[in-house]
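Topology and contacts: notes
Each chain, written out:
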Amino acid sequence: MNTLPEAEQLFRRDYPDYAGTRLLDELRAGDYERLDRLGHVYLDYTGSGVYAASQIRAHTEFLLANVYGNPHSTNPTSALTTQLVERTRTRVLEFFNASPQEYVVVFTPNATGALKLVGESYPFQRRSRFLLPFDNHNSVNGIREFARSAGATVVYTPVVPPDMRCDVSALAAHLEQADPTADNLFAYPAQSNFSGVQHSLEWVTRARSRGWHVLLDAAAYVPTNRLDLASCQPDFVCLSFYKILGYPTGVGCLIARKAALARLRRPWFSGGTITVASVQGDRHYMHEGPEAFEDGTINYLTLPAVEFGLRHISSIGYEAIHTRVACLTGWLVQQLAALRHQNGSPVVRIYGPIATDARGGSVACNFYSCDGHFIDHRVIEDRANRANISLRTGCFCNPGGGEAALGISAEELSTCFTRTPERLSLDDFRRCIDDKSTGAVRLSLGLVSNFADVYQFMRFARRFADKRADEI
Ligand SMILES: Cc1ncc(COP(=O)(O)O)c(C=O)c1O
């Protein structure tokens, strides 16, 4: 293997656009210096982003500069906080270029909180359909429980290995099946947290024109791609800020079209969501705007940190972030795909596209020994941990992506689940499906990834070349 400087020179020759992202190297050396000081090879950006020291300083200074009360009262500390909360709503809309005439921001604890709000409040009924690709996070899959309990039909549309993109004709056919007399919901991820595939945003307009509300899961997409809600106009968008900014955790949002939000019916009320509630009168009246969806006291001290973080991302620009991640992912995927044992068999099998178009910086794969056995992803994780490489293994809460990639059939799953109606541990599940792999290794790149990160990972991956299963 070439030395790091030699390999980087070749990489820069093949990916000339990378040079234009130099600002991120400077930031990594300053604002993110702890990564290199502590020797981390961080490859889990789809798990969470990494924050800049300057974000923490700005937030600390903000906290120390004033006294902030619980919002929604007229007292001075409360009024100040209310103003800051509303300002953050405006900044989020601006960041995603969403018109305040059309969209509102509901703050939630995370993307899952936003998805649950839609799921539990969507007016599913017997004639409704809930359509979704196999390739979804469990927090989207879980909406099917709300749909089914209202008698709606749940329809999964397949993704096809090895590229893991949607079967376009199946999806187009499913989109023709909305009942115009009912509310129908189509939910999909802008970027898969399993394979890194970017599912086309054009499905938004197409689905809406055929009678669907569209719920776009942008959690894995927005850390490295600009989402412009003036050109792509889903009804609902969910995301978690820590995935973009690293800090703060505990804040996500639902960005909703006002008209779509007005269709939702909350199953309960709570402090913060009503204008009036009466005990003896047994009535309650919901707020009209986003407050109707924010249960109790929101994370008001943390919201300004979202604003600092978004300002930081804007000062870097998505262009540089996206270009950098695309270049590094292109190199990493090519190197992994080319890695062979001496007998010519591949060391790594990638689940997802090899080309860089319409794919993000998540790469899912499994390792194979030279005698053709897959190496348990937990073993790879253990070896990576020892090398101070942070990656993620398993199915990343995306069982449909995993089943499609690993070739686990509906029949196998049904046999297994019929045999075990109650609790099922992961080990029992593996035994049940004949010891097939139930997961993969995921490497994901982000804001301050650099060439040394992907080079270190390739050096690690080469250690498995020409190893028999019993030698690992
Ligand atoms: C595509 C996608 N959707 C939803 C989620 C859920 O995000 P959270 O756990 O922050 O609610 C994740 C988290 O990894 C994700 O990658």
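Residues numbered from 1 in each chain as written. Predicted model: local features only at pLDDT ≥ 70, side-chain atom pairs only at ≥ 80, totals over all residues. Heavy atoms only, no water.

1. Some thoughts on the site of the ligand
- Looking at the ligand, the residues that line it are Asn110, Ala111, Thr112, His137, Asn193, Asp217, Ala219, Ala220, Ser240, Tyr242 and Lys243.
- Residue alanine 111 places a main-chain N or O atom 3.4 Å away from an oxygen atom belonging to the ligand.
- Lysine 243 places a side-chain nitrogen or oxygen 2.7 Å from an oxygen atom of the ligand.
- Where the shell around the ligand is concerned, the elements lending two or more residues are α6 (111-121) and α11 (241-245).
- In the shell around the ligand, the residues fall into 4 nonpolar, 5 polar and 2 charged. (Near = heavy atom within 4 Å. Polar contact = N/O pair within 3.5 Å; in protein donor to acceptor, adjacent residues only side chain to side chain. Helix = DSSP H or I, 4+ residues; strand = E, 2+ residues; numbered from the N terminus. Nonpolar A, V, L, I, M, F, W, Y, C, P; charged D, E, K, R; others polar.)

2. What to know about the layout of surface pockets
- Put simply, the largest pocket is a space of about 370 Å³.
- Lining the largest pocket are 25 residues, with Thr46, His137, Asn193, Lys243 and Phe396 sitting closest to its centre.
- Broken down by secondary-structure element, the contributors of at least two residues to the lining of the largest pocket are α6 and α11.
- For the lining of the largest pocket, the element with the most residues is α6, which contributes 3 residues.
- Residue composition of the lining of the largest pocket, by class: 8 nonpolar, 12 polar and 5 charged. (1 Å grid on protein atoms, 1.4 Å probe; cavity = no way out; pocket = protein on both sides within 12 Å on 5 of 7 lines; lining within 4 Å. Points joined across faces, edges and corners; volume = space filled by probe spheres on them.)

3. Things to note about the nonpolar core
- Counting 76 residues, the largest nonpolar core has Val92, Phe96, Phe107, Phe186, Phe241 and Ile255 as its most contacted members.
- By residue number, the principal contributor to this core is helix α13 (residues 303-316), which donates 5 residues.
- Among residues more than four places away in sequence, those in contact with phenylalanine 107 are Val85, Thr88, Arg89, Val92, Phe241, Val251, Gly252, Cys253, Glu294, Ile298 and Leu303.
- In this structure, Leu328, Leu336, Cys365 and Leu445 belong to the second largest nonpolar core, which totals 37 residues. (Core = buried A, V, L, I, M, F, W, Y, C linked by side-chain atoms within 4.5 Å. Buried < 20%, exposed > 50% of the residue type's maximum accessible area, 1.4 Å probe, protein only. Contact = heavy atoms within 4.5 Å.)

4. Section: empty space enclosed by the protein
- All told, the structure shown has 3 cavities of 30 Å³ or more when counted by the stated rule.
- Here the largest cavity defines a volume of roughly 80 Å³.
- Within the lining of the largest cavity, the residues separate by chemical class into 2 nonpolar, 8 polar and 1 charged.
- Estimated volume of the second largest cavity: approximately 70 Å³.
- Considering only residue class, the lining of the second largest cavity consists of 4 nonpolar, 5 polar and no charged.

5. Comments concerning the sheet that holds strand β10 (residues 252-257)
- Ordered in space as β2-β10-β9-β8-β7-β3-β4, the 7 strands form an open sheet in which the pairing is mixed. Strands with a single pairing partner mark the edges of an open sheet, and in this sheet they are β2 (103-108) and β4 (153-157). Mean inter-strand twist for the sheet, computed between neighbouring axes without regard to direction, equals 20 degrees.
- When strand β3 (residues 129-133) meets strand β7 (residues 185-189), the two strands line up parallel, connected through 2 bridges. Directly across from leucine 131, in β7, lies its bridge partner phenylalanine 186.
- Against the sheet, helix α10 (residues 202-209) touches β7, β8 (213-217) and β10, its axis set at about 175 degrees to β7. (Pairing = 2+ DSSP bridges. Axes fitted to C-alpha atoms, helices over the stretch in contact; angles between N-to-C directions.)

6. Describing the pairing of strand β14 (residues 362-368)
- Burial analysis of β14 places 7 of its 7 residues in the buried class, which makes it a mostly covered element.
- Here β14 shows two buried faces, one formed by Ser362, Ala364, Asn366 and Tyr368 and the other by Val363, Cys365 and Phe367.
- Alignment of strand β13 (residues 348-351) against β14, held across 4 bridges, turns out to be antiparallel. Bridged to valine 348 within β14 is phenylalanine 367.
- Here β14 pairs with strand β18 (residues 440-444) via 4 bridges, running antiparallel. Each bridged residue has a counterpart across the sheet, and for alanine 364 the counterpart in β18 is arginine 442.

7. A closer look at the packing of helix α9 (residues 168-175) against α10
- Taken N-terminus to C-terminus, the directions of α9 and α10 make an angle of 30 degrees; their axes are 10 Å apart at the nearest point. On the basis of the axis angle, α9 is roughly parallel to α10. Between α9 and α10, the contacting residues are Val168, Leu171, Ala172 and Leu175 on the first element and Trp203, Arg206 and Ala207 on the second. (Parallel < 35°, antiparallel > 145°, perpendicular 65-115°, else oblique.)

8. Things to note about the packing of aromatic side chains
- Taken as a whole and assessed by the stated rule, the structure comprises 23 aromatic pairs.
- Between phenylalanine 62 and phenylalanine 308 the ring centres are 6.1 Å apart and the planes differ by 70 degrees, which places this aromatic pair in the edge-to-face class. One end of the pair, phenylalanine 62, is in helix α4 (residues 53-65); the other, phenylalanine 308, is in helix α13, with 246 residues separating them in the sequence.
- Aromatic side chains phenylalanine 367 and phenylalanine 464 sit 5.2 Å apart centroid to centroid with 65 degrees between the ring planes, which places their arrangement in the edge-to-face category. In this pair, phenylalanine 367 sits in strand β14 while phenylalanine 464 sits in the segment after α19 (451-462), placing the two residues 97 residues apart along the sequence.
- The lysine or arginine in question, arginine 34, covers the ring of tyrosine 51, its NZ or CZ lying 4.2 Å from the ring centre. (Phe/Tyr/Trp six-rings, centres within 6.5 Å; stacked < 30°, edge-to-face > 60°. Lys NZ or Arg CZ within 6 Å of the ring centre and 35° of its normal.)

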